[in-house]
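# Per-entry structural report
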Amino acid sequence: MRDPLFRMALVLGVLSAVGPFAIDMYLPALPQVAADLSTTEAGAALTLTSYFIVFGIAQMIYGPMADAVGRKTPLVVGVTIFAAATVAAALAPTLGWLIAARAMQGLGAATLMAVPRAVIRDVATGPEAAKVMSTIMIVIAVSPMLAPLTGSVIMAWGGWREIFAVLAVAALVSLALILFALPETLAPEQRRPVSLPPMLSGARRLLTDRRFMGLTMIGGFGMASFFVFLSSASFVYTRQYGLSPTGFSLAFAVNAVGFFAASQFAGPMAQRHGMERVISLAITGFAGIMIALALIVWLGLDALPVVMAGLFLGNACLGLVMPTAMVMSLDPHPDIAGLASSLGGTFQMLTGGVMIALTGPFMDNSAASMVAAIALCAALAWCAAAASLPRLRLA
């Protein structure tokens, strides 16, 4: 990868990590939020749900905006909104206030999902783009390892409000990076004015593209498996296995190691074997491992090391799936990369939210229910691959 491209990938990685930090750093604080705001655990979980829903829908705003005015402006707008909402969350006196502030955080953070992928499409394609995406995944994958631990450290001397204060500082640093370290990658002559007919035409083109939708849903169900884990892991690890907040943070970080390590092989493997071959094998491995783990846990072998090992291996496969699916879905649509990125991101986030809603009534804060829900997401991701990749290879 060329040095300028590598530096850009690192900047985009740092920016893309802000959203995950806003989720993961907050997880150890959920019980404290419930106690301080006199609500239930389900009520505290709504602060995650509101973030996810608005985060998903808002990507449809930033994608077309990025195609019309360039990549930097929507980044500046979104991060500014995120910073203001983070301050509001830190000052929240009630649960309703916090839910609303988290929704506004999602509105701002959505730009950091939609726009960086369009920037990558501006500067690279094919296996080289997969390399750039893998570099970004380094930072994104490290964030689930560091964010909960950072949240636990902050809670040791402060509380959940201080977590949001730290996030506000991170937002200001991100704004500085956008203004001074990130070049504009979309030339004025390549910009497309925001107009409803072209947007509808572009959306129709994408929605009727079987391959685009299939790859998007592969990523969507993969992301849904992560959302299911986010919504249940803190309760499973602290209640069934008796871990402390710091212990939970360490156990949570193990899952990111497999994802992080595997994602670094996505680019080289795509160059050597082809992206379709890589994603076919990886999605089959993800589904097979998670279904096997669900059966093992259902048989009563639900010791913490067993669950953590299975999740580690499953996430390693997912680390190959996610960057490859993102690149493959955008490659055929360079002229509407912003719209394609935002539409894909919206479908993925909404898929995650729907899966949380559908599996929620069956979750009982046990490893068995959590792993079963993740296995369901993995199986649906494989079905999406089978429907969109005609030459899906099982071995």
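Attention in this report is confined to the structure presented alongside it.

Calculation rules
Residues numbered from 1 in each chain as written. Predicted model: local features only at pLDDT ≥ 70, side-chain atom pairs only at ≥ 80, totals over all residues. Heavy atoms only, no water. Helix = DSSP H or I, 4+ residues; strand = E, 2+ residues; numbered from the N terminus. Rg over C-alpha atoms; globule rule 2.2 N^0.38 Å. Buried < 20%, exposed > 50% of the residue type's maximum accessible area, 1.4 Å probe, protein only. Contact = heavy atoms within 4.5 Å. Areas by Shrake-Rupley, 256 points an atom, 1.4 Å probe, with all protein chains shown as cover. Patch = residues over 30% accessible without salt bridge, like charges linked within 9 Å, V, L, I, M, F, W, Y side chains within 5 Å. Salt bridge = Lys/Arg side-chain N within 4 Å of Asp/Glu carboxyl O. Core = buried A, V, L, I, M, F, W, Y, C linked by side-chain atoms within 4.5 Å. 1 Å grid on protein atoms, 1.4 Å probe; cavity = no way out; pocket = protein on both sides within 12 Å on 5 of 7 lines; lining within 4 Å. Points joined across faces, edges and corners; volume = space filled by probe spheres on them. Nonpolar A, V, L, I, M, F, W, Y, C, P; charged D, E, K, R; others polar. Polar contact = N/O pair within 3.5 Å; in protein donor to acceptor, adjacent residues only side chain to side chain. Axes fitted to C-alpha atoms, helices over the stretch in contact; angles between N-to-C directions. Parallel < 35°, antiparallel > 145°, perpendicular 65-115°, else oblique. Left-handed = near helix turned anticlockwise from the far one by under 90°. Expected span 1.5 Å × (residues − 1).

### Notes on the overall build of the protein
- Helices and strands together make up the secondary structure of the protein, namely 16 helices and 0 strands.
- Relative to the globule expectation of 21 Å for 395 residues, the C-alpha radius of gyration of the protein, 20 Å, shows essentially globular dimensions.
- With 395 residues in all, the protein has 56% of them scored as buried.
- Within the protein, contacts between residues at least 6 apart in sequence are counted, and of these 86% link residues at least 24 apart.
- Total accessible area computed for the protein in this model is approximately 14900 Å², and 72% of it derives from carbon and sulfur atoms.

### Some remarks on a nonpolar patch on the surface
- A cluster of nonpolar side chains, namely Ile291, Leu295, Trp298 and Leu299, defines an oily patch on the protein surface of about 490 Å² accessible area.
- Looking at the secondary structure, you find Leu295 in helix H13 (residues 275-298).

### Looking at the nonpolar core
- Phe52, Leu98, Ile218, Tyr237, Leu311 and Met370 are the most contacted members of the largest nonpolar core, which totals 117 residues.
- At 14 residues, helix H14 (residues 304-330) tops the list of elements feeding residues into this core.
- The residues touching Leu98, leaving out its near neighbours within four places in the chain, are Tyr26, Val33, Leu37, Thr47, Ala89, Ala92, Trp160 and Phe164.
- With 8 residues, the next largest nonpolar core counts Phe212, Leu330, Ile336 and Ala340 among its residues.

### Quick word on the pattern of salt bridges
- According to the stated counting rule, one finds 1 salt bridge in the structure shown.
- Residue Arg71 is joined to Asp67 by a salt bridge in which the shortest nitrogen-to-oxygen separation is 3.0 Å. Each of the two residues, Arg71 as well as Asp67, counts as buried.

### Details of empty space enclosed by the protein
- Summed over the entire model, instances satisfying the criterion amount to 4 cavities of 30 Å³ or more.
- Of the voids in this model, the second largest cavity is the one considered here, and its volume is about 110 Å³.
- Lining the second largest cavity we find Pro64, Asp67, Arg192, Pro193, Val194, Ser195, Pro198, Met199, Ile336 and Leu339.
- Within the residue set of the lining of the second largest cavity, elements represented by two or more residues are helix H3 (41-69) and helix H9 (196-207).
- Of the residues belonging to the lining of the second largest cavity, the class tally is 7 nonpolar, 1 polar and 2 charged.

### A look at the side chain of Ser388
- In this structure, Ser388 sits in helix H16 (residues 367-388).
- In terms of polar contacts, Ser388 uses its side chain to reach the backbone carbonyl oxygen of Ala384, at 2.8 Å.

### Examining the packing of H13 against H14
- Where H13 contacts H14, the axes come no closer than 8 Å and their chain directions differ by 155°. Taken together, the axes of H13 and H14 lie roughly antiparallel to each other. Handedness of the crossing formed by H13 with H14: left-handed.
- Split by residue class, the contact of H13 with H14 holds 22 nonpolar, 4 polar and 1 charged.

### Examining the environment of Val321
- Residue position: Val321 is located in helix H14.
- Counting along the chain gives 41 residues from Val321 to Ser280, while the straight-line C-alpha distance between them is 8.5 Å.

### Comments concerning the layout of surface pockets
- One number sums up the size of the largest pocket: a volume of about 530 Å³.
- Looking at the largest pocket, it is lined by 22 residues, and the ones nearest its centre are Ala45, Thr49, Ser231, Ile356 and Gly360.
- Taken together, the elements giving at least two residues each to the lining of the largest pocket come down to H3, helix H10 (210-240) and helix H15 (337-359).
- The greatest single-element share of the lining of the largest pocket, amounting to 8 residues, is contributed by H3.
- Of the residues belonging to the lining of the largest pocket, the class tally is 14 nonpolar, 7 polar and 1 charged.

### Observations regarding the environment of Ser244
- Structurally, Ser244 is set in the loop between H10 and helix H11 (245-263).
- A relative accessible area of 39% places Ser244 in the partly exposed class.
- Between the alpha carbons of Ser244 and Ser234 there is a distance of 9.6 Å; along the sequence they are 10 residues apart.

### A look at the side chain of Gln105
- When you line up the elements, Gln105 lands in helix H5 (residues 95-109).
- There is a polar contact of 2.9 Å between the side chain of Gln105 and the side chain of Thr86.
- If we skip the residues at most four places from it in the chain, Gln105 touches Tyr51, Phe82, Ala85, Thr86, Phe164 and Leu167.

### Structural notes on helix H4 (residues 72-90)
- Across its 19 residues, H4 extends 27 Å between first and last C-alpha, which sits within 8% of the 27 Å expected from 1.5 Å per residue.
- Among all positions in H4, only Pro74, Leu75, Gly78, Val79, Phe82, Ala83, Ala85, Thr86, Ala89 and Ala90 are buried.

### Let's talk about the environment of Pro334
- Looking at where Pro334 falls in the secondary structure, it is placed in the loop between H14 and H15.
- Since its relative accessible area comes to 43%, Pro334 is described here as partly exposed.
- Measuring from C-alpha to C-alpha, the distance between Pro334 and Thr94 comes to 45 Å, with 240 residues separating the pair along the chain.

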